[in-house]
Amino acid sequence: MENLTMGSNTCLVGLQWGDEGKGKIVDILTESFDIIVRYQGGSNAGHTVIVNNEKFVLHLIPSGILRKNKYCIIGSGVALDPLQLLEEIAELRKKNIEVGDNLRISEIAHLVFPYHKKLDELSESEKGDEKIGTTRRGIGPCYTDKMARTGIRVADLYHPEHFKQRLKKIVEEKNRIFVRLYNADALSWEDIYDTYCAYAEQIKPYVCNTVVFMDDAIKAKKKVLFEGAQGSLLDVDFGTYPFITSSSVTAGGAAVGTGICPKQIHKVLGVMKSYTTRVGSGPFPSELNDELGEYLRKKGGEYGATTGRPRRCGWFDAVAVKHAIMVNGVDGAVLTKLDVLDEQKTIKICVGYKFADKVYDLFPTDLAARPDCQPVYKEVPGWQKDTSKMRDIRDIPSQAKSYINTLEKILGIRVEMLSVGPDRGQIVNLL
Ligand code: GDP
Ligand code: IMO
Ligand code: MG
């Protein structure tokens, strides 16, 4: 896959609402890189990699961890849940994956605390029908604290008195919200303090100044792969607000979430699924609430890698993906899960949104406020052949080629790689 990355630092981003198959693609690209870094999100992510029928689901640790002699970094922009991290490390070690000197955690990453998860839970329950459908991993509340300057960072754990005073104050404040606003139980700051002091010892070997580590590595001409989590349409600014996550998912977030100069990101690679899925609430114009939607869910195994929730399924939405390509400056794309469409007689691509009598091909910024949006489709013939065993560009059925070319034309980008199954080996290089 060397020609796909052309010796450049590359940022890989999801171009839909997440779960595009980023984990699998990062695992493949890792071979050509030295350092793989997560720059945003937290354990709300679920990145699946399947190697020889063995399944790995990464939530916090970069998907590059499965390859030997690579550094994996959890950057400063990540919301770090130490409990989740320790569980993930244990799980990987059980499967004989080395986690040691190859893992580095930013000392300025913000920590997720039990009160963040509790707030996530309570706030979602309170919203009823208007809930976002979060993963309840405390992500929104953790980033809220970061911006409100009431967060606690990894490095704080190693100043016990400072940490204790800060935690006590913050928990007392959160408890007022739990008790008075939600009529819920208070949390004990002492318990949290003891637990997090124990975590601090366990994660200490990995903690470092990752900004300096990466700067040194880049100066030494090491190659960096930035692993985006979630999808661009869940971005806090450019997604379908307020049905989004709380971080900067897009390529710009990679600089902010690692401390690396934007000029050091040489290529942006977008991952898109051959159809669309979404977990949680929010607008989804090309959603299929019918048997076909159910079929795609079953055939594509569309159940959340983090929460197990069934994913909503629909046709490929080119209006939304075009928007994602623009806000990321995507240079090339990877098209995943083509095999899931193998049996379709015809395939639809959403090329416009209709409001009243007008059709737009620009993604509206206020989609969440416009439930009257109707998808406008272009229909193309299906190939009705098994593509899962394809490994060579010459094996691609002509109708599948035509589907890919149609997408390339509408989107104005080149599809550089095709994924035709969940396994590491199920890819076709189109370059
Ligand atoms: P991520 O969050 O973007 O890494 O994606 P997820 O891992 O949450 O979801 C993608 C799912 O599709 C996982 O179950 C993968 O194993 C699976 N997958 C990835 N690529 C392909 C593909 O080309 N075909 C099929 N059938 N499954 C795939
Ligand atoms: P990966 O990296 C799909 C969705 C949630 C919810 C919204 C906000 O595996 O693609 P949050 O817990 O972040 O506050 O939830 O964002 N969401 C994802 N959907 N894939 C993900 O990650 C997601 N991470 C968050 O379902 O709608
Ligand atoms: Mg996922």
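Look up a bit, the structure's there.
Residues numbered from 1 in each chain as written. Chains lettered and ligands numbered in written order. Predicted model: local features only at pLDDT ≥ 70, side-chain atom pairs only at ≥ 80, totals over all residues. Heavy atoms only, no water.

(A) Quick peek at the site of ligand 2. Near ligand 2 lie 20 residues; those nearest to it are K22, H47, T135, Q230 and T245. For ligand 2, an oxygen atom lies 2.8 Å from a polar atom in the backbone of D19. One nitrogen or oxygen atom from the side chain of R309 is found 2.9 Å from an oxygen atom belonging to ligand 2. (Near = heavy atom within 4 Å. Polar contact = N/O pair within 3.5 Å; in protein donor to acceptor, adjacent residues only side chain to side chain.)

(B) A look at the packing of aromatic side chains. The full count for this structure, using the stated rule, is 10 aromatic pairs. Measuring from centroid to centroid gives 6.3 Å for F113 and F163, while their planes differ by 35°, and the two rings are tilted. A residue pair is termed long-range when its members are at least 10 positions apart, and F113 in the loop between strand 8 (110–111) and helix 4 (114–127) and F163 in helix 6 (residues 160–181) qualify at 50 residues. This pair shows no difference in class: F113 is buried, exactly as F163 is. Ring centres of F163 and Y193 lie 5.5 Å apart, and the angle between their planes is 35°; this geometry places the pair in the tilted category. Of the two residues, F163 is situated in helix 6 and Y193 in helix 7 (residues 189–203); the sequence distance between them amounts to 30 residues. With a relative accessible area of 0%, F163 lands in the buried category. An aromatic cluster is defined as three or more aromatic residues linked by ring pairs; in this entry it consists of F113, Y115, F163, Y193, Y196 and Y199. Lying across the ring of F178, K118 places its NZ or CZ 5.2 Å from the centre. (Phe/Tyr/Trp six-rings, centres within 6.5 Å; stacked < 30°, edge-to-face > 60°. Helix = DSSP H or I, 4+ residues; strand = E, 2+ residues; numbered from the N terminus. Buried < 20%, exposed > 50% of the residue type's maximum accessible area, 1.4 Å probe, protein only. Lys NZ or Arg CZ within 6 Å of the ring centre and 35° of its normal.)

(C) Molecular detail of the pairing of strand 3 (residues 47–51). By the criterion of burial, strand 3 is predominantly enclosed, with 4 of the 5 residues buried. Turn length for the strand 3-strand 4 (residues 54–58) hairpin, with the two strands adjacent in sequence and antiparallel, is 2 residues, and the turn residue N52 shows positive phi of about 45°. (Pairing = 2+ DSSP bridges.)

(D) Geometry of unusual backbone geometry. Residue P242 is reached from Y241 by a cis peptide bond, and omega for that bond is 0°. With respect to the helices and strands, P242 occurs in the loop between strand 10 (224–227) and helix 9 (252–256). With phi around 60°, Q230 is a residue other than glycine that occupies positive phi space. With respect to the helices and strands, Q230 occurs in the loop between strand 10 and helix 9.

(E) The arrangement of the side chain of K273 in detail. Considering the arrangement of structural elements, one finds K273 in strand 11 (residues 267–273). A residue is classified by how much of its surface remains accessible, and K273, at 0% relative accessible area, is buried. At 2.9 Å, the side chain of K273 and the backbone oxygen of D19 are in polar contact. Excluding residues that lie within four positions of it along the chain, K273 makes contacts with Q16, D19, E20, E302, R311, F316, L335, T336 and K337. (Contact = heavy atoms within 4.5 Å.)

(F) Seen up close, the site of ligand 1. The local shell around ligand 1 holds 19 residues, among which K22, T48, K337, D339 and S419 are the closest. Between ligand 1 and the protein, one listed contact pairs a nitrogen atom with a side-chain N or O atom of D339 at 2.7 Å. Expressed as a share of its isolated accessible area of 580 Å², the protein-covered part of ligand 1 is 93%. Placement of ligand 1 is best described as lying within the second largest pocket. (Areas by Shrake-Rupley, 256 points an atom, 1.4 Å probe, with all protein chains shown as cover. 1 Å grid on protein atoms, 1.4 Å probe; cavity = no way out; pocket = protein on both sides within 12 Å on 5 of 7 lines; lining within 4 Å. Sits in = over half its atoms within 2 Å of the grid points.)

(G) Representation of the pattern of salt bridges. Here the structure, examined in full by the defined rule, presents 23 salt bridges. R312 is paired through a salt bridge with E287; the nearest N and O atoms lie 2.9 Å apart. In this pair, R312 sits in strand 13 (residues 312–314) while E287 sits in the loop between strand 12 (276–278) and helix 10 (291–300), placing the two residues 25 residues apart along the sequence. Residue classification places R312 among the buried residues on the basis of a relative accessible area of 19%. E287 sits in the partly exposed class, given a relative accessible area of 21%. Of the charged contacts in the structure, one is a salt bridge between K299 and E343, with a shortest N-O distance of 3.4 Å. One end of the pair, K299, is in helix 10; the other, E343, is in the loop between strand 15 (332–336) and strand 16 (346–355), and 44 residues separate them in sequence. (Salt bridge = Lys/Arg side-chain N within 4 Å of Asp/Glu carboxyl O.)

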